[in-house]
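Examination of the molecular architecture
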Amino acid sequence: MSTSASSTDTTRSKIHQVLGGKQPWFGKVVKYVWILFLCLTLGLPIYVFTVSVDLFGLFGGMPSLAEVENPENDLSSELISADGVSLGRYFRFNRSQVTFDELSDDLVNTLVLSEDHRFYEHSGLDFPAYLRVAYGLLTFQPSGGGSTITQQLAKNLYTRNRDRGLDGTIAKLGRYPRRIVQKTKEWIIAVNLERNFTKQEIIAMYLNTAEFSSNSYGIKVASETYFSKSPDSLNLQESALLVGMLQNPTFYNPVLRPENALSKRNEVLYKIFRSKYKIVAREQYDSLAALDLGLKFKIQNQNEGLATYFRTVISTYLMQFCAERGIDLWNSGLKIYTTIDSRLQKYAEDAMLEHMKGLQTEFSKQWEGKNPWVDDDRQEIQGFLRMRIKQTDAYKNLVAKYGEKSDSVRIMLNLKKPMTVFTWRGERDTLFSSMDSLAYYKRFLQSGLMSMDPTTGHIKAWVGGFNYKYFKYDHVKQGTRQPGSTFKPFVYGLAMESGYSPCYVLEDIAPSFKVSGTVWYPPNSDGTRGTGEKMTIRQAMARSVNSITAQMMKALGEENVVEFAHRVGIESKLDPVPSLCLGVSDVSLFEMVGAYSTFVNNGIYTKPFYITRIEDKNGNVIENFVPIRRQAINDQTAYKMIYMLMGGIEESGGTSLGLSRELKIDNEIGGKTGTTNNASDGWYVGVTHDLVTGVWVGGDERAIHFPSWVFGQGTRTARPIWDKFMMKVYQDPTTGITKGKFKLPKSGLDINLDCAKQLKSDSVKVDEKPWDINN
């Protein structure tokens with residue numbers, strides 16, 4: 001052995017003795033580091049593999065790639081207008097997906113620079129970020145998380161699939177074992193995501209699965225909720241606010257905690273300013289940081305937005321449609337394309353609100369100091385509210401709790417409590433009992449409007465009332481009321497089909513009918529049996545003269561009028577009685593508009609419809625919808641009825657003469673008013689060559705109406721809404737609704753329609769008294 005080797009051994013021996021015969025500490029560190037390295041190198045892949053295959057059921061299953069890409073549990077179904085505007089959604093969790101192309105550049109840049117600036121460089125796991133996190137923990141100086149955008153997406157998707165039995169035996173051992181397994185699965189999912197999707201797809205998927213508080217799931221709903229815009233229109237400061245919410249949606253909710261949200265938004269903006277890409281200059285950062293949050297906050301629900309009544313009414317059909325196909329409407333992500341035009345819908349809603357506010361003021365003034373529920377003799381109905389309260393849920397719930405004869409029911413019904421009520425000046429907080437609330441709301445007039453394209457059958461606007469939050473009942477299709485004189489065109493339509501001319505002359509004399517052993521003479525609106533004046537039946541319909549309509553009814557027969565009305569589109573049961581000619585059988589606005597459209601569409605009845613197609617969340621068409629059509633009457637009869645309806649505008653004394661002058665310029669219009677005897681229903685149906693629109697106004701029930709027929713007639717209650725609506729429509733050329741003339745029959749007219757000339761002619765022979773009861 002050499003001297004050098006002996007010297008080395010002696011040195012080692014001395015060191016060993018100094019250390020008490022133990023191995024040096026740094027040797028142990030090196031040893032343990034090697035052991036750890038070998039364990040990680042050999043054991044980690046084994047551990048990851050066992051987790052991925054759920055060995056012995058210890059770890060729980062993994063969501064499939066299909067489940068990760070297309071989660072099925074919370075996509076809202078969307079209702080879309082004919083012009084591409086979202087009308088609303090059906091959801092449990094309000095979430096709608098967007099593609100990467102539907103995201104603004106500012107939003108994408110803000111997300112990447114703020115949350116994962118090496119996003120385009122890593123493959124799902126950012127190891128430099130993990131080292132930074134580890135160093136921060138060891139030095140007690142935490143410097144943020146290390147999760148990548150892909151990992152956050154994996155977490156969102158894994159968490160949303162937890163209810164599918166993805167937790168194994170280890171998860172039952174406690175919080176930390178469960179968390180370790182969960183984190184492992186997120187890493188595995190993240191790597192799989194990077195292998196199967198592009199970076200752009202991952203960004204879109206992440207933003208689609210994120211939660212933003214206020215019942216907003218996904219970036220599309222969030223941008224609509226907080227800024228009333230789509231994700232492709234988000235600017236830098238708006239993007240910064242939403243990206244900042246990702247870390248803690250509730251804590252950074254700009255509505256609930258605006259100070260936190262503002263601070264977080266500016267923190268995100270500062271990150272962008274400090275980034276190496278120099279997207280934001282110092283001056284721009286200072287300017288943006290000084291701005292307020294700029295919210296246009298509006299939570300989406302069934303009480304808000306356009307076409308609230310329409311959305312609710314058709315949900316019944318949609319649920320049946322989905323049930324027959326094994327689809328859940330509330331979470332399947334359907335795209336339901338409707339015929340509603342968002343512009344016409346808004347104009348219709350605005351027109352109704354503008355008129356009803358003033359009309360309600362007039363109604364309340366006329367009933368000041370009195371209750372508006374009266375009988376046919378104009379006497380207040382005693383006990384009206386006591387009878388009506390028994391129809392309410394509040395009464396039924398109290399009876400179920402206390403018993404019908406208990407005094408507690410009466411006491412609780414009259415107990416005042418805080419509530420928010422509707423007023424035409426906005427919502428108001430007050431103290432009302434259930435009886436107070438009933439009495440208050442029964443005093444409001446109600447209304448409905450429907451507008452459709454007579455050729456295609458497409459419903460363009462559906463307004464079931466003026467405030468869905470407080471008045472749920474739909475007055476387009478759900479409600480039926482007496483149409484009054486708006487039913488008369490069906491009597492005259494049969495007359496045209498039977499060979500009568502619009503220029504046929506009769507005298508204003510009420511005919512007599514035998515009804516239940518008595519003789520009935522239909523009175524005119526002024527209560528008389530007529531003046532004896534000669535007039536054409538066009539003039540009679542234009543002026544809404546009851547006596548002449550009744551004469552035609554007697555000549556044609558009640559059963560025949562019922563058959564004709566059903567043929568052109570009325571579906572409700574009609575009683576074949578003499579008074580049917582004055583509109584005593586209940587019908588819906590939906591039916592009336594569809595039937596009037598038959599006249600405009602050359603005698604072809606097209607059933608009104610409102611859905612064109614339904615697609616699944618991937619854009620695959622589930623069903624296309626086509627209109628139901630039939631030739632109801634010939635085109636000659638149809639055009640004669642158009643000419644009759646135009647009489648309301650053209651004839652002296654016509655009930656449509658009061659329409660705005662601008663509507664009549666270079667335009668052909670037909671229309672008919674309707675008012676029931678006690679003024680509880682006011683109607684107006686107006687027709688143009690490309691739009692048929694009906695309006696109804698009345699009390700919540702027939703016992704509630706104007707104190708006089710003059711103030712409650714359709715010319716004052718319903719026609720002004722039609723007028724305002726059409727004025728708005730014509731002022732917007734983008735709607736495609738234009739002024740113009742009605743279509744003539746293809747073969748031309750088979751009669752002369754110069755009624756003025758015929759009425760003046762001495763050769764005109766008045767019909768031989770078809771009103772005589774003995775005829």
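Here the structure is a predicted model, which means the values were calculated and not measured. (Residues numbered from 1 in each chain as written. Predicted model: local features only at pLDDT ≥ 70, side-chain atom pairs only at ≥ 80, totals over all residues. Heavy atoms only, no water.)

1. Here's the deal with the overall build of the protein
- Secondary structure summary: the protein contains 29 helices and 18 strands in total.
- Classification of the 775 residues of the protein by burial places 51% in the buried group.
- Partitioning the intrachain contacts of the protein with sequence separation of at least 6 by distance along the chain shows that 71% fall at a separation of at least 24.
- Working note: accessible area of the protein is about 36700 Å², and carbon and sulfur atoms make up 54% of it. (Helix = DSSP H or I, 4+ residues; strand = E, 2+ residues; numbered from the N terminus. Buried < 20%, exposed > 50% of the residue type's maximum accessible area, 1.4 Å probe, protein only. Contact = heavy atoms within 4.5 Å. Areas by Shrake-Rupley, 256 points an atom, 1.4 Å probe, with all protein chains shown as cover.)

2. Topic: the packing of helix α4 (residues 105-115) against helix α10 (residues 236-245)
- Contact geometry for α4 and α10: axes closest at 9 Å, N-to-C directions at 45°. Overall, the two elements α4 and α10 adopt an arrangement that is oblique. When you trace α4 past α10, the crossing you get is right-handed. Together, Asp106, Leu107, Thr110, Leu111, Ser114 and Glu115 of α4 and Leu236, Ser239, Ala240 and Val243 of α10 make up the contact between the two elements.
- Per-class residue counts for the contact of α4 with α10 are 5 nonpolar, 3 polar and 2 charged. (Axes fitted to C-alpha atoms, helices over the stretch in contact; angles between N-to-C directions. Parallel < 35°, antiparallel > 145°, perpendicular 65-115°, else oblique. Left-handed = near helix turned anticlockwise from the far one by under 90°. Nonpolar A, V, L, I, M, F, W, Y, C, P; charged D, E, K, R; others polar.)

3. Structural notes on the pairing of strand β1 (residues 77-80)
- Side-chain alternation along β1 places Ser77 and Leu79 on one buried face and Glu78 and Ile80 on a second face that is also buried.
- Across 4 bridges, the pairing between β1 and strand β2 (residues 86-90) is antiparallel. What sits directly across from leucine 79, in β2, is glycine 88.
- The antiparallel pairing of β1 with β2 creates a hairpin that spans 5 residues between the two strands, and glycine 84 there sits at a positive phi of about 85°.
- Note that β1 and strand β3 (residues 335-338) share 3 bridges and pair parallel. The residue of β3 that forms the bridge with leucine 79 is isoleucine 336. (Pairing = 2+ DSSP bridges.)

4. Structural notes on helix α9 (residues 219-227)
- Within α9, 9 of the 9 residues are buried, which leaves the element mostly enclosed by the surrounding structure.
- Among the residues of α9, Ile219, Lys220, Val221, Ala222, Ser223, Glu224, Thr225, Tyr226 and Phe227 are the ones counted as buried.

5. Quick notes on the confidence of the model for the protein
- A residue-level look at the protein finds 82% of positions with pLDDT of 70 or above and a mean pLDDT of 86.
- Note that residues 762-775 has pLDDT below 50 and, in this model, 30 contacts with residues that lie over four places away or in other chains. (pLDDT = per-residue confidence, 0-100.)

6. Points about the side chain of arginine 388
- Along the chain, arginine 388 falls in helix α15 (residues 384-389).
- Not counting residues up to four positions away in its chain, the partners in contact with arginine 388 are Leu438, Lys442 and Glu701.

7. Some thoughts on a nonpolar patch on the surface
- On the surface, Val255, Leu256, Phe297 and Ile299 cluster together into a nonpolar patch covering about 320 Å² of accessible area.
- Topologically, isoleucine 299 is positioned in the loop between α12 (282-289) and α13 (308-323).
- Overall, isoleucine 299 belongs to the partly exposed group, its relative accessible area being 35%. (Patch = residues over 30% accessible without salt bridge, like charges linked within 9 Å, V, L, I, M, F, W, Y side chains within 5 Å. Salt bridge = Lys/Arg side-chain N within 4 Å of Asp/Glu carboxyl O.)

8. Considerations on the sheet that holds strand β18 (residues 692-698)
- The strand order β7-β6-β18-β17-β16 describes an open sheet built from 5 strands, whose pairing is antiparallel. One side of each edge strand has no neighbouring strand; the edge strands of this open sheet are β7 (459-463) and β16 (670-675). Strand-to-strand twist in this sheet, taken as the mean axis angle between neighbours without regard to direction, amounts to 5°.
- Across the sheet, helix α24 (residues 635-650) touches β16 and β17 (681-687), and the angle it forms with β16 is around 70°.

9. Some words on helix α23 (residues 589-600)
- Here α23 spans 17 Å end to end across 12 residues, near enough to the 16 Å set by a 1.5 Å rise per residue.
- Summarising burial for α23: 12 of the 12 residues are buried, a large majority.
- Along α23, the residues that are buried comprise Leu589, Phe590, Glu591, Met592, Val593, Gly594, Ala595, Tyr596, Ser597, Thr598, Phe599 and Val600.
- Positive backbone phi, approximately 55°, marks asparagine 602, located one or two places after α23. (Expected span 1.5 Å × (residues − 1).)

10. So, the packing of aromatic side chains
- On inspection of all chains with the given rule, the structure shows 38 aromatic pairs.
- Centroid distance phenylalanine 273 to tyrosine 285: 5.5 Å. Interplanar angle 15°. Geometry classified as stacked. Within this pair, whereas phenylalanine 273 is found in helix α11 (residues 258-274), its partner tyrosine 285 is found in helix α12, the two being separated by 12 residues in sequence.
- Classification of phenylalanine 273 by relative accessible area gives buried; the value is 14%.
- Residue classification places tyrosine 285 among the buried residues on the basis of a relative accessible area of 12%.
- When the ring of tyrosine 317 is compared with that of phenylalanine 321, the centres are 6.2 Å apart and the planes differ by 35°; the resulting orientation is tilted. (Phe/Tyr/Trp six-rings, centres within 6.5 Å; stacked < 30°, edge-to-face > 60°.)

11. Some points on the sheet that holds β1
- One open sheet holds the 5 strands; their spatial order is β2-β1-β3-β13-β14, and the pairing between them is mixed. If you trace the sheet from one side to the other, it starts and ends with β2 and β14 (621-624), each paired once. Pairs of neighbouring strands in the sheet enclose a mean axial angle of 15°, with direction left out of account.
- On the sheet, α13 packs against β1, β2, β3, β13 (611-615) and β14 and is oriented at approximately 50° with respect to β2.

12. Examining unusual backbone geometry
- One non-glycine residue, arginine 378, lies in positive phi territory at about 65°.
- Turning to its location among the elements, arginine 378 is positioned in the loop between α14 (342-366) and α15.
- A relative accessible area of 35% places arginine 378 in the partly exposed class.
- Unusually for a residue other than glycine, serine 516 sits at a positive phi of about 50°.

13. Points about the environment of leucine 87
- Looking at where leucine 87 falls in the secondary structure, it is placed in strand β2.
- Owing to a relative accessible area of 4%, leucine 87 belongs among the buried residues under this scheme.
- As for leucine 87 and arginine 311, which are separated by 224 residues in sequence, their C-alpha atoms are 7.8 Å apart.
- Setting aside residues no more than four positions away along its own chain, leucine 87 makes contact with Leu79, Ile80, Ser81, Leu306, Phe310, Arg311, Thr338 and Ile340.

14. Focus: the pattern of salt bridges
- Counted by the stated rule, this structure contains 31 salt bridges.
- One salt bridge in this structure joins glutamate 267 and lysine 264, with 3.1 Å as the shortest N-O distance. Taken together, the residues glutamate 267 and lysine 264, both in helix α11 and 3 residues apart, mark about one turn of the helix.
- Owing to a relative accessible area of 38%, glutamate 267 belongs among the partly exposed residues under this scheme.
- Judged by relative accessible area, lysine 264 falls into the buried class, the value being 5%.
- The residue aspartate 575 makes a salt bridge to lysine 573 at a minimum N-O spacing of 2.8 Å.
- Using a relative accessible area of 34% as the deciding quantity, one classes aspartate 575 as partly exposed.
- Each of Glu78, Arg89, Lys220, Glu224 and Lys335 takes part in one network of salt bridges that share partners.

15. Looking at the environment of glycine 457
- Residue placement: glycine 457 occurs in the loop between β6 (446-452) and β7.
- Glycine 457 sits 150 residues away from lysine 607 along the chain, and the two C-alpha atoms are 6.0 Å apart.
- The contacts of glycine 457, once residues within four sequence positions are left out, are Met452, Thr606, Lys607, Pro608 and Phe609.

16. Some words on the packing of helix α19 (residues 488-497) against helix α21 (residues 546-556)
- The geometry of α19 relative to α21 is characterised by a closest axis approach of 10 Å and an angle of 50° between their N-to-C directions. As judged from the angle between their axes, α19 and α21 are oblique. Crossing of α19 against α21: the hand is left-handed. From α19, Lys488, Val491, Tyr492, Leu494 and Ala495 reach across to α21, where they touch Asn546, Ile548, Thr549, Met552, Met553 and Leu556.
- Considering only residue class, the contact of α19 with α21 consists of 8 nonpolar, 2 polar and 1 charged.

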